[in-house]
Number of protein chains: 2
Amino acid sequence: MTKTRSFWGWGYEEDALSAEERAAVGLVVADRLGGAELYPRPVPHVGELSLPAARVQPPAALASLLTDGPLSRAAHAYGKAFRDVVRHLDGQYPHPPDLVAFPRDEADLERLLAWCADARVGAIPYGAGSSVVGGVEPAVPDGYSGTVSIDLGRMNAVIELDETARAVRVQGGILGPALEDALRPHGLTLRHFPQSFEFSSVGGWIATRSGGHHSTLRTRIDQFVESVRMLTPSGVFETRRLPSSGAGPDPNSLVLGSEGTLGVVTEAWLRVQPRPDVRARGSARFETFAAGVEAARRVAQSGLYPAECRLLDPLEAELNGAGQGEAVLLLGFEAAGLPASVLEEQLRSALALCGARTEVSAGAASSWRSSFLRAPYLRDALALLGLVVETFETAVTWDRFVVLHERVVAAAREVAPAALVTCRFTHVYADGPAPYFTVIAPGRDGEQLRQWDAIKAACSDALSAAGGTITHHHAVGRDHRPWYGSEAPALFLDALSAAKRELDPRGVMNPGALLP
Amino acid sequence: MTKTRSFWGWGYEEDALSAEERAAVGLVVADRLGGAELYPRPVPHVGELSLPAARVQPPAALASLLTDGPLSRAAHAYGKAFRDVVRHLDGQYPHPPDLVAFPRDEADLERLLAWCADARVGAIPYGAGSSVVGGVEPAVPDGYSGTVSIDLGRMNAVIELDETARAVRVQGGILGPALEDALRPHGLTLRHFPQSFEFSSVGGWIATRSGGHHSTLRTRIDQFVESVRMLTPSGVFETRRLPSSGAGPDPNSLVLGSEGTLGVVTEAWLRVQPRPDVRARGSARFETFAAGVEAARRVAQSGLYPAECRLLDPLEAELNGAGQGEAVLLLGFEAAGLPASVLEEQLRSALALCGARTEVSAGAASSWRSSFLRAPYLRDALALLGLVVETFETAVTWDRFVVLHERVVAAAREVAPAALVTCRFTHVYADGPAPYFTVIAPGRDGEQLRQWDAIKAACSDALSAAGGTITHHHAVGRDHRPWYGSEAPALFLDALSAAKRELDPRGVMNPGALLP
């Protein structure tokens, strides 16, 4: 039985929390929030959608690729952030795409982009729509006759596999599970697992520089990209398959993170690896978060490179069933075709660096993992109860982390005094961690969106002022633009804008995202 | 006693081979080349320099920073490639810099660049002049009134050290040894050791994406750069210190590999590490190069990440004293603060993947290393004997390596039938190696330059057609431009040129390098 994708919330309708589960979890969370009031809201229904009329009509030659059906338009109106879900719940659709396109191949895409350039229609590349930063939201500046959301869902093939160099060539629209299904019979895997893995595409990962499963080394999709092919309004931009090159600035790096503003990622060669068959997992427990931070730093700087090195603060550990009143560091090593003794030595050495109560077992990691995969569904459930709940993330050098953490928590509490704020490290580098924050706060009737936007702005100001990046792996989209504008060197933005004028002379690619 | 830098050849005059050593090595090499004739040439002397008159005069306000002395101009006329050495031997200086500048700080540099833009003088950033691709050669297109070589040698300070996040802030002109000297008392090291380490600068490494000591993971300077500051004619381009960020395309990547065409790298924060205190080294020997290649691939794909994984073909091993008639794979693991058992397990596992005669000892690596550091001096000695001797390098996916290797060797032999051609892997990646070729061929009197250029063109055509990159870590400069032009996506070159117009509107930065 195929499941039904939710047009307004995370993932599959069948996997969402039931009304009973929602009610139960609502009681628990309201209690944790000191008796917060709940404002239960109805689950949105397709029949009730009310959208502004489409402003542009497709040319006859493209009609078969396009739809203006309300369900498609509503489903492509937003990504999957809390603020997207709330706007669905509110039935607010001020700027849905006028049309949704489903190109079958590059030829279709080329004709679509040519029409967009001609008719000054904003072209919004859409992989699988899991952006949490407004990256796929067709909110374009003035001066466009309309927008088309370009859904790459039909360009989802595995084209070629090179088992010697271990790389796979795929189309941009392929989703995580389909890619892994194709690799499994060959004993291979990409092993890039963003939380959105089931509902995000290779092209989306590349366009947004997504972060995956590995806490060290292959932390983001960048490291997996051997070459990339992007269709731009000026033609094809395709890099050569190379393990590495020092010839000029890296051409892949212009595509990685371009967020659909230069073109559409139609293909990529990705580095794959044998499926891990040996693992060593353990955990360390600390009385304070600060002690856990020091241990995480020592492991990150050890040269051991664990696949998993995830630090949970005491509240995060408790909420996810991984600990009680203590910070927990989850450590995991994995490999294929190596003796277990290699990984056991590595794990032992990493745990020895922790100076804490340690354990060689996968227990804490398993609890955490199942909770992690359910988290977006839980968030939707809490949104339906009128609460404010969302996550954001950054990266910062170790010397600045403690101050950044204090200021971000203080900023959230300043705006929402009753808020629960948790922090974990999703990735660690020798020179700093990537901290990931979750905020859960009581809602006020009809004010969920405004409340969250105020918290988010305060926290973004705080982390940016403390030397963090506005995003380690959620991307910039439309929501992070103000902070990105002050983080990126002004001359880099000039250079990037100049590059865009070459590749997208009419400025139709994802207008309003990333660049001013 | 301070040693004297050679103005025409590698390194220090005192470290060059003596006339007697040259004669001895000449006999051996001539014999290996089947009785090649030698054409000994005199060592160049400063007193004999004959340079064209400088075409531009410095403005009075800058006079104290500039010189038009013949020694400075000759020393800054070329890098340190074989073709540079030969042109020094030939006394050919068709386009030396008209002036050489020695700015003390960014303020000096800003005034210099402003004058260059005003007076349309080509500004050629010069770190320590070890380019082997014409990167610092003031051969500029028509339309410039002159050229100034900007020597960063006085901007060589260590500014700040962060021992928590383990990063050091330095000026662009600092050379390798000075940087290591500053880190040593803190128990830290950068451990980026290009062959040119003594005679190259941090700014040069960044501008050319240099390759260093590590065969895996931190293979090139890119991985060490936390942030960078570049002075361009349009102002300062400075990135934020971050362990990682997913905010838009990586701004560091526009500077890395820009080869002085966008601005001058004045500062960088580099990631440092504790000095290794445990090591495990070994080697494996193979009857054929092909068997060694397979073993290197297995190690590269194992997830073990040796610091050293260097494959020498039988001739390379023999010439360097590391083996006799067999290919040799040198493997080394290193770490700081970890039990030796961790590295020993890793080495054992890596050697077990080799399926060959293996040895746990550092012997072969030591022979190879001392030979490696002497290699450029040896090359100069052979050049002085009228031979043709040079190296070039590439990177290619594993599936294409065997064909690339065959074709490159065939191309060299086609042009120079008596040539010795050796190959080694300097770096290995999961998806492919970085092969490094050395060619030694008999010379013809007065034709060394033409002979090498013909070999180089044939080999570059061959490796490029076989799917390799024109450079893994020697950069593009002026010499590799034709092949770079076909390797890089055309739209990327358009984008890069557009970026250059923003950062260097008058087009005075290193004209003729990298970009058309």
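Quick note: structure is the one above.
Because the structure is a prediction, the values reported are computed rather than measured.

What counts, and where the lines are drawn
Residues numbered from 1 in each chain as written. Chains lettered and ligands numbered in written order. Predicted model: local features only at pLDDT ≥ 70, side-chain atom pairs only at ≥ 80, totals over all residues. Heavy atoms only, no water. Helix = DSSP H or I, 4+ residues; strand = E, 2+ residues; numbered from the N terminus. Rg over C-alpha atoms; globule rule 2.2 N^0.38 Å. Buried < 20%, exposed > 50% of the residue type's maximum accessible area, 1.4 Å probe, protein only. Contact = heavy atoms within 4.5 Å. Areas by Shrake-Rupley, 256 points an atom, 1.4 Å probe, with all protein chains shown as cover. Lys, Arg positive; Asp, Glu negative; His and termini not counted. Charge placed at Lys NZ, Arg CZ, Asp CG, Glu CD. Pairing = 2+ DSSP bridges. Salt bridge = Lys/Arg side-chain N within 4 Å of Asp/Glu carboxyl O. Phe/Tyr/Trp six-rings, centres within 6.5 Å; stacked < 30°, edge-to-face > 60°. Lys NZ or Arg CZ within 6 Å of the ring centre and 35° of its normal. Buried area = accessible area lost by both parts, 1.4 Å probe. Polar contact = N/O pair within 3.5 Å; in protein donor to acceptor, adjacent residues only side chain to side chain. Nonpolar A, V, L, I, M, F, W, Y, C, P; charged D, E, K, R; others polar. Disulfide = S-S within 2.5 Å. Axes fitted to C-alpha atoms, helices over the stretch in contact; angles between N-to-C directions. Parallel < 35°, antiparallel > 145°, perpendicular 65-115°, else oblique. Least-squares fit on C-alpha atoms with pLDDT ≥ 70 in both. Core = buried A, V, L, I, M, F, W, Y, C linked by side-chain atoms within 4.5 Å.

1. As for the overall build of chain A
- Helix and strand counts for chain A come out as 15 helices and 18 strands.
- The globule rule puts the C-alpha radius of gyration for 516 residues at 24 Å, and the 23 Å found for chain A is close to it.
- Considered along the principal axes of its C-alpha atoms, chain A spans approximately 70 × 60 × 50 Å.
- Counting only residues that meet the buried cut, chain A has 63% of its 516 residues in that class.
- Within chain A, contacts between residues separated by at least 24 positions form 75% of all contacts whose residues are at least 6 apart in sequence.
- Of the roughly 17,600 Å² that chain A leaves accessible, carbon and sulfur atoms contribute 51%.
- Where the 49 positive side-chain charges of chain A centre and where its 60 negative ones centre are 2 Å apart.

2. As for the pairing of strand E8 (residues 225-232) of chain B
Residue and element names in this part refer to chain B.
- Here E8 lies mainly inside the structure; 8 of its 8 residues are buried.
- Two strands pair when backbone bridges link them, and E8 and strand E10 (residues 264-271) are joined in this way by 6 bridges, in the antiparallel orientation. When the bridges of E10 are listed, Val225 appears paired with Leu270.
- In this sheet, strand E9 (residues 235-238) lies alongside E8 in antiparallel orientation, the contact comprising 4 bridges.

3. What to know about the pairing of strand E4 (residues 146-151) of chain A
Residues and elements named next belong to chain A.
- Across the 6 residues of E4, 6 count as buried, placing the element largely inside the fold.
- Residue alternation in E4 divides its side chains into two sets, Gly146, Val148 and Ile150 and Thr147, Ser149 and Asp151, and both sets are buried.
- Here strand E3 (residues 121-126) runs beside E4; their pairing, made up of 6 bridges, is parallel. Looking at the pairing, Val121 lines up with Gly146 of E4.

4. Considerations on the pattern of salt bridges
- Throughout the structure, instances matching the rule amount to 69 salt bridges over all chains.
- Notably, a salt bridge pairs A:Glu318 with A:Arg32, separated by 2.6 Å at the nearest N-O pair. Of this pair, A:Glu318 sits in helix H9 (residues 314-319) while A:Arg32 sits in helix H1 (residues 19-32), and the two are 286 residues apart along the sequence.
- Taking the relative accessible area as the measure of exposure, A:Arg32 reaches 35% and is therefore partly exposed.
- Across the salt bridge formed by A:Arg310 and A:Glu308, the nearest N and O atoms sit 2.7 Å from each other. Each of the two residues, A:Arg310 as well as A:Glu308, counts as buried.
- Here the salt bridges do not stand alone but share partners, grouping A:Asp162, A:Glu226, A:Arg241, B:Asp399 and B:Arg400 into one network.

5. Regarding the packing of aromatic side chains
- In total, this model carries 24 aromatic pairs over all chains according to the counting rule given.
- A ring pair is formed by A:Phe82 and A:Trp452, whose centres lie 6.5 Å apart and whose planes are at 80°; its orientation type is edge-to-face. Of this pair, A:Phe82 sits in helix H3 (residues 82-89) while A:Trp452 sits in helix H13 (residues 448-465); the two residues are 370 residues apart in sequence, bridging distant segments of the chain. Just as A:Phe82 is buried, A:Trp452 falls in that class too.
- Every member of this aromatic cluster is reached through a ring pair, and the members are A:Phe82, A:Phe392, A:Phe437 and A:Trp452.
- For the cation-ring pair, B:Arg120 lies above B:Tyr144, with the distance from its terminal atom to the ring centre recorded as 4.3 Å.

6. Some words on the interface of chain A and chain B
- Between chain A and chain B, the residue contacts involve 85 residues of the former and 85 residues of the latter.
- Summed over both sides, the interface of chain A with chain B buries roughly 6,500 Å², with 59% coming from carbon and sulfur.
- Broken down residue by residue, the surface that chain A buries against chain B is led by A:Arg240, A:Pro249 and A:Leu491, which jointly contribute 11%.
- Of the charged contacts in the structure, one is a salt bridge between A:Asp431 and B:Arg271, with a shortest N-O distance of 2.7 Å.
- Here chain A and chain B share 35 residue pairs in polar contact (both at pLDDT 80 or more) between them.
- In terms of residue count, the dominant contributor to the side of chain A that touches chain B is helix H15 (residues 490-503) of chain A (10 residues).
- Of the residues assigned to the side of chain A that touches chain B, the class counts are 36 nonpolar, 27 polar and 22 charged.

7. Section: the state of the cysteines
- Inspection of the entire model under this criterion finds 0 disulfides over all chains.
- You can see A:Cys459 has no disulfide; the closest cysteine sulfur is in A:Cys423, sitting 11 Å from it.
- The exposure class assigned to A:Cys459 is buried, which follows from its relative accessible area of 1%.
- Note on B:Cys309: no disulfide assigned, nearest cysteine sulfur contributed by B:Cys354 at a separation of 7.7 Å.

8. With respect to the sheet that holds strand E1 (residues 66-67) of chain B
Residue and element names in this part refer to chain B.
- Ordered by their spatial adjacency, 4 strands build an open sheet running E1-E2-E4-E3, and the pairing between neighbours is mixed. Bordering the open sheet on either side are E1 and strand E3 (121-126), each of which pairs with just one other strand.
- Of the strand pairs in this sheet, strand E2 (residues 99-101) and strand E4 (residues 146-151) are connected by 3 bridges, and their pairing is parallel. For Leu99, the partnering residue across the bridge sits in E4 and is Val148.

9. Section: the sheet that holds strand E16 (residues 388-393) of chain B
Residues and elements named next belong to chain B.
- Pairing is antiparallel in the open sheet, where 7 strands are placed in the order E15-E12-E14-E13-E17-E18-E16. A single partner strand is all that each edge strand has here, and the edge strands are strand E15 (357-359) and E16. This sheet shows a mean twist of 15° between the axes of neighbouring strands, independent of strand direction.
- Note: E16 against strand E18 (residues 432-441), 6 bridges, orientation antiparallel. Residue pairing across strands places Phe392 opposite Phe437, the latter belonging to E18.

10. Re the packing of H1(A) against helix H11 (residues 363-384) of chain A
Residue and element names in this part refer to chain A.
- Here H1 crosses H11 at 80°, and the two axes come no closer than 10 Å. Taken together, the axis directions place H1 and H11 in an arrangement best described as roughly perpendicular. On H11, the residues touching Arg22, Val25 and Val29 of H1 are Leu378, Ala381, Leu382 and Leu384.

11. Let's talk about unusual backbone geometry
Residues and elements named next belong to chain A.
- Positioned with a positive phi, Arg166 is a non-glycine residue whose angle comes to about 60°.
- Along the chain, Arg166 falls in the loop between strand E5 (158-162) and strand E6 (167-171).
- Even without a glycine there, the phi angle at Asn510 is positive, about 40°.
- Along the chain, Asn510 falls in the segment after H15.
- Classification of Asn510 as buried rests on a relative accessible area of 2%.

12. So, the relation of the copies chain A and chain B
- In the superposition of chain A on chain B (RMSD 0.0 Å, axial shift 0.0 Å), the rotation amounts to 180°. In symmetry terms, the pair is related by a two-fold rotation axis. The rotation axis passes nearest to the C-alpha of A:Ala498 in chain A, at a distance of 2.7 Å.
- When the interface residues of chain A are mapped onto chain B, 100% of them are again interface residues, pointing to one common binding face.

13. Focus on the environment of B:Gly446
- Structurally, B:Gly446 is set in the loop between E18 and helix H13 (448-465).
- Among the residues examined, B:Gly446 registers a relative accessible area of 67% and is labelled exposed.

14. Brief notes about the side chain of A:Thr239
- One can find A:Thr239 in the loop between strand E9 (235-238) and helix H7 (252-255).
- Of the polar contacts made by the side chain of A:Thr239, one reaches the backbone nitrogen of A:Val228; its length is 2.9 Å.
- A polar contact is formed between the side chain of A:Thr239 and the side chain of A:Asn252, at a distance of 2.7 Å.
- Setting aside anything within four residues of it in sequence, one finds A:Thr239 in contact with A:Ser227, A:Val228, A:Pro251, A:Asn252 and B:Pro489.

15. Quick notes on the nonpolar core
- Judged by nonpolar contacts, the single largest core of 247 residues is most densely connected at A:Ile206, A:Leu329, B:Ile206 and B:Leu329.
- Contact partners of B:Leu329, with chain neighbours within four places excluded, come to B:Gly282, B:Ser283, B:Ala284, B:Phe286, B:Ala295, B:Ala296, B:Val299, B:Cys309, B:Arg310, B:Leu311 and B:Cys354.

16. Here we look at the environment of A:Thr219
Residue and element names in this part refer to chain A.
- Within the element layout of this structure, Thr219 appears in the loop between helix H6 (202-208) and strand E8 (225-232).
- Classification of Thr219 as buried rests on a relative accessible area of 2%.
- Measuring from C-alpha to C-alpha, the distance between Thr219 and Leu71 comes to 35 Å, with 148 residues separating the pair along the chain.
- Those residues in contact with Thr219 that lie beyond four places of it in its chain are Ser210, Gly211, Gly212, His214, His427 and Tyr429.
- Within polar-contact distance, the side chain of Thr219 engages the side chain of Tyr429 at 2.8 Å.

Bear in mind that shape data such as this cannot, by itself, settle questions of function.
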